[in-house]
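Structure at a glance
Each chain is listed here by its residues.
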Amino acid sequence: MNLIIYLSNMLIPLVIFCFVGTGILNKRNVYEDFVNGAKDGMKTVVTVMPTLIGLMIGISVLGSSGFMGFLVGLLKGVSGKTGIPGVVMPAVIVRIFSSSAATGLVLDVFKKFGPDSYEGILSGIMMSSTETIFYTMSVYFMAAKVKNTGWTVRGAFFSTLAGLVASVILAGMIA
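Analysis parameters
Residues numbered from 1 in each chain as written. Predicted model: local features only at pLDDT ≥ 70, side-chain atom pairs only at ≥ 80, totals over all residues. Heavy atoms only, no water. Core = buried A, V, L, I, M, F, W, Y, C linked by side-chain atoms within 4.5 Å. Buried < 20%, exposed > 50% of the residue type's maximum accessible area, 1.4 Å probe, protein only. Helix = DSSP H or I, 4+ residues; strand = E, 2+ residues; numbered from the N terminus. Contact = heavy atoms within 4.5 Å. Salt bridge = Lys/Arg side-chain N within 4 Å of Asp/Glu carboxyl O. Phe/Tyr/Trp six-rings, centres within 6.5 Å; stacked < 30°, edge-to-face > 60°.

Some thoughts on the nonpolar core
Membership of the largest hydrophobic core comes to 19 residues, with the highest contact counts inside it found for Ile84, Met89, Val92, Leu122 and Met126. Elements with a minimum of two residues in this core: helix H3 (67-74), helix H5 (89-95), helix H6 (99-113), helix H7 (118-129) and helix H9 (150-174). Residues contacting Met89, with those up to four places away along its chain left out, are Val72, Leu75, Ser79 and Ile84.

Comments concerning the pattern of salt bridges
Under the criterion given, the structure shown has one salt bridge. A salt bridge links Arg28 to Asp33, with the nearest nitrogen and oxygen atoms 2.9 Å apart. Residue class for Asp33 comes out partly exposed when judged on its relative accessible area of 31%.

Structural notes on the environment of Phe110
The residue Phe110 is located in helix H6 in this model. Its relative accessible area of 25% is what places Phe110 among the partly exposed residues. Taking the C-alpha atoms as reference points, Phe110 and Asn26, separated by 84 residues in sequence, lie 51 Å from one another. With residues up to four places along the chain from it excluded, the contact list for Phe110 reads Pro115, Gly120 and Ser123.

With respect to the packing of aromatic side chains
On inspection of all chains with the given rule, the structure shows three aromatic pairs. Taking 6.2 Å as the distance between ring centres and 40° as the angle between the ring planes, the aromatic pair formed by Phe67 and Phe70 counts as tilted. With Phe67 and Phe70 both in helix H3 and three residues apart, the pair spans about one turn of that helix. Measuring from ring centre to ring centre gives 5.2 Å for Phe97 and Phe134, while their planes differ by 20°; the resulting arrangement is stacked.

Below, the structure written as structure tokens:
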């Protein structure tokens, strides 16, 4: 066990050493490349920041207005037939928009039912097999200046639905 801990502690410095060593062998100015990469990263942050702020405000408004509770109430009948408990449904909906907000809801499920309960297992599997569609699309497509997103939205919703179905099946097998 101590060997694994030692190796994991050495991994990041080793990776950095490999990058720097490769740059030196290729006769690159490694520090200048690092600074230029950091500048490009800051430009991306500045470009993406308004979109992120808009998404955070939108999610906050949905939660504060009571719309999320209304939507969960509408979907209660459907949730029982699909194997998704009503307490997990808010996390399923919010996950499409925000990973951190969905994580908070999943932690509430863990506190109330426990991580080993069906609700906890389903929530955990769902979080790892679905994607934050609108966050990912807005951030990455904004940075890459992609305008036509029609097929991407459809594909993202289909893959999220597939992940959700797989979550229900796997949680049913485990719990």
